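A look at the structure
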Amino acid sequence: MADRAQPVSTRWGLGAAALVAALIFGTLVAVAMRAEEGSGLSSSDWAALRFTLVQAVLSAAISVGLAIPVARALARRRFKGRQVLITLMGAPFILPVIVAILGLLEVFGRAGWVSAGLGLIGLPPVRIYGLHGVVLAHVFFNLPLATRLILQGWQEIPAERFRLAAQLGFGARAMLWRIEVPMLRRVVPGVLAVIFAICMTSFAVALTLGGGPKATTVELAIYQAFRFDFDLGRAALLSGVQLVLTGGAALLALRAATGAGFGGGQDRMVHRWDGRGRGARALDFSSIALGAAFLLLPLTAVVLSGLKGLSDLPIQVFSSALISVGVALVSMVLTLLLALPMAVAVALGRDKIGEAAGILGLAASPLVIGTGLFIIIFPFANPTTLALPVTALVNAVMALPFAVRILVPRARQVVVQYTRLSLSLGMVGWPFIRRVLLPRMRAQIGFTAGLAAALSMGDLGVIALFADPEVATLPLQVFRLMGSYQTDAAAGAALILLVLSMGIFWALDRGGRWHAEA
Amino acid sequence: MLKLEKCRIANGGFALTADFEVIAGTKIAVIGPSGGGKSTLLEAVAGFLPLKTGRIVWDGKTLQDKDPGARPVAMLFQDGNLFPHLTAEQNVGLGMNPNLKLDEDAHRKVLAALARVGLDGMSNRRSAELSGGQQSRVALARVLVQERALLLMDEPFAALGPAQKMEMLDLVSELCAETGSTALMVSHDPGDAKHFADQVILVHGGIAHAPQETGELFRDPPEALRTYLG
């Protein structure tokens, strides 16, 4: 391929990748130079490290453990609404964390539905703060992801295998050991590793449901060192620790990678002859029902209490909403400006860029980048005045690995299909980009834009680090309302956040597919 | 005159040599077993594959260092000759200006070309909405406005039915006669060659042989062609 002419240069992609690498490594260097080596890790730092690992292991194990029966049920049952349910399982990915947490509190909190139910039969209410709560929220987010990934594994078993099994009269046990267990052995390690890596860097969950000496993650400790003690040295040291953790987790995830990426499976129709017994049917039915309830009840709770809270919202909620939309749109544009050239470069044979984006994305922690940027900006300007641009930028970097992964396959297709024709017509550079690449990639660009905007919209990370009391994005506003016990207002604001996030995703994704044919 | 002087073309692990001349205005069929290098030959002339050694000369000017779009070549591929998201008119317009910046005059030319290939009134259709035969006609209209001296075709009508294919071959012949273009067409079908071509280039065993008169060649086929024809 190297000898062949190319319709666009890979320069821009390489430049974008270099820019991202410079941002990530630049902030790292800033952090490293500021870290106080002498002081070492205190006992509370060790506790944070331990808690981070324990919650991530538990979250991954429980998510996957529960996902297996749900995925199995979805794989072998056909029912009305099945496809809708599978699609819905993609929703937590773009669901603002703070919204989900409000929902989980409504259902599982001290005054929530479950506790109320327990109270009726004389049992004490459940405790949601601390390790329980953190793991519960992580399972809420990752059970659907695990289900989708494992379901993909099931769907990749060729239909012929099931036909043969039926012909040989496999019972439930033979089915399990000959077909299902080998598949799970291949798929599950990768899923475990990915969820483990995700839970290592999830900040907002620990911020809202964790805290205290027993339930502080490393990222939360960075935030506290920053916000409460303004101890940049300690924040930097903890950032180093976090980096080793996430880097290790990312390597683990990549090594165990199943190849089954983000996104749904083919969903081919496979005829199944097994699992027709009463026990199997009951098991599948209850798995699906419980899985769906676990996903849908908290969302329903947010909507219900949000509607109540809409009537008396403080004015700041609306200004925050406006700020959030602005940040989300800027972040979306930044994501596309970085991801598109990178995806094209990968499509033109620079595979390394794609790999690099994947590793950096998994390893980079928004809090660490935020700390680094703060250290860099601090001598020159008041970092809080730059809170919003920094948030948009960090959000874009965080969305980048997903964006590249979505854009690359289509970019590859377009390059393969239209390079010769475009070259023979002299469509090189901008004409190729404008007339061929962008129109042919519209659907994927729309989807990526929606994803990037929604992820930024719901992000509660670096903004918490930088923001002053005057400026807040909507998720931060919800968090502050929760903190000041304005529960109804928080619920109302959360509902607005939910609608805005989903709406912005829908509009951009839809816009990409509008009139996009062939 | 198109000259391929001691050309050696590498395509992956495969290499093709060519050393011959083609007289301007001739219609030539390129035939031979699949995998023999027919497409490789066309791609080298069009500029998609580099030469290892040798020169390609058109009208006294060397071509081998020029980009595909800068050669006096219009090319039709087996498929994917049109951008499905653009209209017929836009697809043809690209032949005049890759930026689609067309003045009044150019615009008239595009419409005239569409009319010439029998697509009057179809200019605003997206090419994805056209039938296979109509798509071939749009591609030919573009070839017309490109006004390139060399027309290279890599089995462009393979997806059409026999009657439609003959129709298109006749149209190509007419257009070549009108514009004086030199045409090289890869084909699997000896019938195409007999119907369309003045001369035939046989590509076989890593060699693209010099063109021979079609009638003569088929009257007394060399060993390689006999094997291919079966």
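This is a predicted model, so every value here is computed, not measured.

Examining the overall build of chain A
Assigned secondary structure in chain A consists of 21 helices and 0 strands. The dimensions of chain A, computed from C-alpha atoms along their principal axes, are 80 × 70 × 50 Å. For chain A, with 518 residues in total, the buried portion stands at 53%. Once local pairs closer than 6 in sequence are excluded, the contacts in chain A between residues at least 24 apart make up 84%. For chain A, the accessible surface area stands at approximately 23000 Å², while carbon and sulfur atoms represent 66% of it. Taking the 42 positively charged and 23 negatively charged side chains of chain A as two groups, their mean positions are separated by 12 Å.

Quick notes on the environment of Ser42 of chain A
Residues and elements named next belong to chain A. Relative to the elements of secondary structure, Ser42 occurs in the loop between helix H1 (11-34) and helix H2 (43-76). Classification of Ser42 as partly exposed rests on a relative accessible area of 30%. Sequence separation of Ser42 and Arg234 is 192 residues, and the distance between their C-alpha atoms is 9.9 Å.

A word on the layout of surface pockets
Residue and element names in this part refer to chain A. A volume near 580 Å³ is recorded for the second largest pocket. If you trace the second largest pocket, you find 19 residues lining it, with Leu105, Tyr129, Met482, Tyr485 and Thr487 closest to the centre. Elements that contribute at least two residues to the lining of the second largest pocket include exactly helix H4 (97-108), helix H9 (203-209), helix H12 (278-309), helix H20 (474-483) and helix H21 (487-513). Class assignment of the residues belonging to the lining of the second largest pocket gives a composition of 9 nonpolar, 6 polar and 4 charged. Of the domains in this structure, domain 1 (1-34 + 311-518) and domain 2 (46-303) are the two that each give at least three residues to the lining of the second largest pocket.

Digging into empty space enclosed by the protein
Where empty space is left becomes clear once a probe the size of a water molecule has been rolled over the atoms. Residues and elements named next belong to chain A. For the structure on display, the rule yields 4 cavities of 30 Å³ or more. Computed from the structure, the second largest cavity encloses a volume of approximately 50 Å³. Lining the second largest cavity are Val70, Met89, Phe140, Leu143, Pro144, Thr147, Gly291, Phe294 and Leu295. Every element with two or more residues in the lining of the second largest cavity is listed here: helix H6 (131-155) and H12.

Focus on the interface of chain A and chain B
Taken together, the contacts link 20 residues of chain A with 27 residues of chain B. Both faces combined, the contact of chain A with chain B buries some 2100 Å², and carbon together with sulfur accounts for 61% of it. Looking only at chain A, the three residues that lose the most surface to chain B are Arg420, Leu425 and Arg435 of chain A, adding up to 31% of its buried area. Where chain A packs against chain B, one counts 1 salt bridge. The tally of links from chain A across to chain B stands at 4 residue pairs in polar contact (both at pLDDT 80 or more). Elements that contribute at least two residues to the side of chain A that touches chain B include exactly helix H16 (387-424) and helix H17 (430-440) of chain A.

Points about the side chain of Glu89 of chain B
Assignment of secondary structure puts Glu89 of chain B in helix H2 (residues 88-93). One buried charged residue, Glu89 of chain B, forms no salt bridge at all, with the nearest opposite charge on Arg435 of chain A at 11 Å. Those residues in contact with Glu89 of chain B that lie beyond four places of it in its chain are His107, Val110, Leu111, Leu114, Ser123 and Asn124 of chain B.

Looking at the domain arrangement of chain A
All names here are of chain A. Taken domain by domain, chain A comprises domain 1 (1-34 + 311-518) and domain 2 (46-303). Computed over C-alpha atoms only, the centres of domain 1 and domain 2 are separated by 25 Å. Counting from both sides, the interface comprises 41 residues of domain 1 and, opposite them, 40 residues of domain 2. Interface of domain 1 and domain 2: buried area, both sides summed, is about 3500 Å²; carbon and sulfur atoms make up 82% of it. Where domain 1 touches domain 2, the interface holds 0 salt bridges. At the boundary of domain 1 and domain 2, one finds 3 residue pairs in polar contact (both at pLDDT 80 or more). Take the side of domain 1 that touches domain 2: its biggest share by element is 9 residues, from H21. Taken together, the residues that form the side of domain 1 that touches domain 2 break down as 34 nonpolar, 5 polar and 2 charged.

Considerations on helix H5 (residues 162-179) of chain B
Since the α-helix advances by 3.6 residues per turn, residues separated by three or four positions end up pointing in the same direction. All names here are of chain B. For H5, which comprises 18 residues, the first-to-last C-alpha distance of 26 Å matches the rise-based estimate of 26 Å (1.5 Å per residue) to within 8%. Taken as a whole, H5 has its buried residues at Lys165, Met168, Leu169, Leu171, Val172, Ser173, Leu175 and Cys176. Within two residues after H5, Gly180 carries a phi angle of roughly 75°, on the positive side.

Some words on the nonpolar core
The tendency in soluble globular proteins is for nonpolar side chains to be buried side by side. Judged by nonpolar contacts, the single largest core of 203 residues is most densely connected at Ile150, Trp154 and Phe466 of chain A together with Leu4, Leu41, Phe83 and Ile201 of chain B. It is H16 of chain A that provides the largest number of residues to this core, a total of 17 residues. Structurally, this core is a two-domain feature, drawing no fewer than three residues from each of domain 1 (1-34 + 311-518) and domain 2 (46-303) of chain A. With sequence-adjacent residues up to four places away left out, Ile201 of chain B is seen in contact with Phe20, Ile28, Ala29, Val30, Ile31, Leu41, Leu184, Ala208, His209 and Pro211 of chain B. Core analysis: the second largest hydrophobic core is formed by 41 residues, Leu144, Phe157, Leu169 and Val172 of chain B among them.

Remarks on helix H1 (residues 38-46) of chain B
Residues and elements named next belong to chain B. With respect to burial, H1 is a largely interior element, 8 of its 9 residues being buried. All buried positions along H1 are accounted for by Lys38, Thr40, Leu41, Leu42, Glu43, Ala44, Val45 and Ala46. Just downstream of H1 lies Gly47, where phi reads positive at about 100°.

Focus on the packing of aromatic side chains
One pass over the structure, following the stated rule, counts 15 aromatic pairs over all chains. When the ring of Phe226 of chain A is compared with that of Phe374 of chain A, the centres are 4.6 Å apart and the planes differ by 90°; the resulting orientation is edge-to-face. Highlighted residues: Phe226 of chain A in helix H10 (residues 218-227) and Phe374 of chain A in helix H15 (residues 366-377), separated in sequence by 148 residues. Just as Phe226 of chain A is buried, Phe374 of chain A falls in that class too. Considering the side-chain rings of Phe230 of chain A and Phe378 of chain A, the 5.6 Å spacing of their centres and the 55° angle between planes classify their relative orientation as tilted. Taken together, the positions of Phe230 of chain A in the loop between H10 and helix H11 (232-255) and Phe378 of chain A in the loop between H15 and H16 put the pair 148 residues apart, joining distant regions of the chain. By relative accessible area, Phe230 of chain A is classed as partly exposed at 40%. Linked through ring pairs, Phe226, Phe230, Phe374, Phe378 and Phe466 of chain A together constitute an aromatic cluster. The cationic tip of Lys27 of chain B hangs over the ring face of Phe196 of chain B; the distance from NZ or CZ to the ring centre is 5.7 Å.

Digging into the packing of helix H4 (residues 132-146) of chain B against H5 of chain B
All names here are of chain B. Running from N to C, H4 and H5 point in directions that differ by 10°, and their axes come no closer than 11 Å. Here H5 runs roughly parallel to H4, going by the angle between their axes. Of the residues in H5, those in contact with Gly133, Ser136, Arg137, Leu140 and Leu144 of H4 are Gln164, Glu167, Met168, Leu171, Val172, Leu175 and Thr179.

Quick look at the pairing of strand E8 (residues 182-186) of chain B
All names here are of chain B. Where burial is concerned, most of E8 is hidden: 5 out of the 5 residues are buried. Taking every second residue as pointing to the same face, both faces of E8 are buried, with Thr182, Leu184 and Val186 on one and Ala183 and Met185 on the other. Pairing geometry for strand E3 (residues 27-31) and E8, over 4 bridges, is parallel. Bridge pairing links Ala29 to Met185 in E8. Sheet topology places strand E7 (residues 150-154) next to E8; 5 bridges connect them, and they run parallel.

Reading the values: the criteria
- Residues numbered from 1 in each chain as written.
- Chains lettered and ligands numbered in written order.
- Predicted model: local features only at pLDDT ≥ 70, side-chain atom pairs only at ≥ 80, totals over all residues.
- Heavy atoms only, no water.
- Helix = DSSP H or I, 4+ residues; strand = E, 2+ residues; numbered from the N terminus.
- Buried < 20%, exposed > 50% of the residue type's maximum accessible area, 1.4 Å probe, protein only.
- Contact = heavy atoms within 4.5 Å.
- Areas by Shrake-Rupley, 256 points an atom, 1.4 Å probe, with all protein chains shown as cover.
- Lys, Arg positive; Asp, Glu negative; His and termini not counted.
- Charge placed at Lys NZ, Arg CZ, Asp CG, Glu CD.
- 1 Å grid on protein atoms, 1.4 Å probe; cavity = no way out; pocket = protein on both sides within 12 Å on 5 of 7 lines; lining within 4 Å.
- Points joined across faces, edges and corners; volume = space filled by probe spheres on them.
- Nonpolar A, V, L, I, M, F, W, Y, C, P; charged D, E, K, R; others polar.
- Domains from an automatic or database assignment.
- Buried area = accessible area lost by both parts, 1.4 Å probe.
- Salt bridge = Lys/Arg side-chain N within 4 Å of Asp/Glu carboxyl O.
- Polar contact = N/O pair within 3.5 Å; in protein donor to acceptor, adjacent residues only side chain to side chain.
- Expected span 1.5 Å × (residues − 1).
- Core = buried A, V, L, I, M, F, W, Y, C linked by side-chain atoms within 4.5 Å.
- Phe/Tyr/Trp six-rings, centres within 6.5 Å; stacked < 30°, edge-to-face > 60°.
- Lys NZ or Arg CZ within 6 Å of the ring centre and 35° of its normal.
- Axes fitted to C-alpha atoms, helices over the stretch in contact; angles between N-to-C directions.
- Parallel < 35°, antiparallel > 145°, perpendicular 65-115°, else oblique.
- Pairing = 2+ DSSP bridges.

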